[in-house]
Amino acid sequence: MPEDPALEDPALEDPALEDPALDDDELDDTDDPADEPATATRGRRRTFAVLALGAVTVLLGGFGIWATAHAGSLRAQSAQQNTALIDPAATSAVRTQIDAAVQTVFSYSYADTGATRRAAQRLLTGPAIQQYNTLFALVEQQAPAQKLVVTTTVTNSGVELLTGGQARVLIFVNQQDTRAGTSQTSYSGSMLAVTALWQAGRWKIENIDTFS
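Residues numbered from 1 in each chain as written. Predicted model: local features only at pLDDT ≥ 70, side-chain atom pairs only at ≥ 80, totals over all residues. Heavy atoms only, no water.

Participant: I would appreciate a short explanation of the nonpolar core in the present structure.
Facilitator: Where a protein is soluble and globular, its nonpolar side chains tend to be buried together. Ranked by internal contacts, the top residues of the largest apolar core, which has 31 residues, are Val-94, Ile-98, Val-102, Ile-171, Leu-192 and Ile-205. Elements with a contribution of two residues or more to this core: helix 5 (88–105), helix 6 (113–123), helix 7 (127–146), strand 2 (148–163), strand 3 (166–179), strand 4 (185–199) and strand 5 (202–209). Sequence-distant contacts of Ile-205, that is, excluding residues within four places in its chain, are made with Ile-98, Ala-101, Val-102, Leu-123, Leu-124, Thr-125, Ala-128, Val-194, Thr-195 and Ala-196. (Core = buried A, V, L, I, M, F, W, Y, C linked by side-chain atoms within 4.5 Å. Buried < 20%, exposed > 50% of the residue type's maximum accessible area, 1.4 Å probe, protein only. Helix = DSSP H or I, 4+ residues; strand = E, 2+ residues; numbered from the N terminus. Contact = heavy atoms within 4.5 Å.)

Rendered as structure tokens:
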């Protein structure tokens, strides 16, 4: 009886031998369980990077909102503290008194410089008294000899800051200098920054910056 050909052909026993097309390259392409952890790690890294970027974006957005709100709060607080911005009546009172004080202490006549000095002591306070007395000592020496009459007029002023019992006022003045018995008259203008304090029921000048 003839033998079964399948038993005689070894090629039929091994599929790899039966199909020459199944070469080493195809065998290498099969999934390697050892590669799965590395692939999973890369996936987790990408996920973490996306989440981290999203978190940073949220944090930056939140900080921007906070910074804007905080800046607005500071501006509102500053506006509330600076009465010059919200109380026209109080601001006008500061301007009126300080304008009058500046015109008084910077106007004088050679015939009676003492009157100006005495008025200044009532209108000035703190360091402004010594500051003024030092300057006015020169006036008392020179004005009688030159027969000098000085008239100071405030042309404009503005209250920059008004908080409680303290104020800062910017003042523009014109001065007219005349020598008695002559026709010699000169004019000059200047700007002053005056710090004022509320004392004894009125505004007094504490400091004078002449920007010179």
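Picking up where we left off.
Participant: Teacher, can you tell me more about the environment of Asn-174 here?
Facilitator: Checked against the element boundaries, Asn-174 lands in strand 3. Taking the relative accessible area as the measure of exposure, Asn-174 reaches 41% and is therefore partly exposed. In sequence terms Asn-174 and Ser-190 are 16 residues apart; their C-alpha atoms lie 6.7 Å from each other.

Participant: I'm lost on the pattern of salt bridges in this one. Help?
Facilitator: Side-chain pairs of opposite charge can arise where the charged atoms are in close proximity. This structure, assessed with the given rule, holds 2 salt bridges. With its nearest N and O atoms 2.8 Å apart, the salt bridge here joins Arg-168 to Glu-160. Take Arg-168: its relative accessible area is 27%, and that puts it in the partly exposed class. (Salt bridge = Lys/Arg side-chain N within 4 Å of Asp/Glu carboxyl O.)

Participant: For this particular structure, what's the right way to read the side chain of Lys-204?
Facilitator: Looking at where Lys-204 falls in the secondary structure, it is placed in strand 5. Ignoring sequence-local partners within four residues, the contact set of Lys-204 consists of Arg-122, Leu-123, Leu-124, Thr-125, Thr-195, Ala-196, Leu-197 and Gln-199.

Participant: Is there a simple way to think about the packing of helix 5 against helix 6 in this case?
Facilitator: Helix-helix packing is characterised by the crossing angle of the two axes and by the distance between the axes. Contact geometry of helix 5 with helix 6 gives a least axis separation of 9 Å together with a crossing angle of 150 degrees. Classed by the angle they form, the pair helix 5 and helix 6 counts as roughly antiparallel. Between helix 5 and helix 6 lies a crossing of left-handed hand. On the side of helix 5, the interface is formed by Ala-101, Thr-104 and Val-105, while helix 6 contributes Thr-116, Ala-119, Ala-120 and Leu-123. For the contact of helix 5 with helix 6, the per-class residue count stands at 5 nonpolar, 2 polar and no charged. (Axes fitted to C-alpha atoms, helices over the stretch in contact; angles between N-to-C directions. Parallel < 35°, antiparallel > 145°, perpendicular 65-115°, else oblique. Left-handed = near helix turned anticlockwise from the far one by under 90°. Nonpolar A, V, L, I, M, F, W, Y, C, P; charged D, E, K, R; others polar.)

Participant: Even after reading the chapter, I still don't get the confidence of the model for the protein chain, so can you show me in this structure?
Facilitator: The predicted coordinates should not be examined in detail at positions where pLDDT is low. Taken as a whole, the protein chain shows an average pLDDT of 76; of its residues, 62% reach a score of 70 or greater. Confidence drops under pLDDT 50 across residues 1–13; counting only partners more than four residues distant or on other chains, this segment forms 5 contacts. With pLDDT under 50 throughout, residues 70–75 is counted as low confidence; its partners more than four residues away or in other chains account for 0 contacts. (pLDDT = per-residue confidence, 0-100.)

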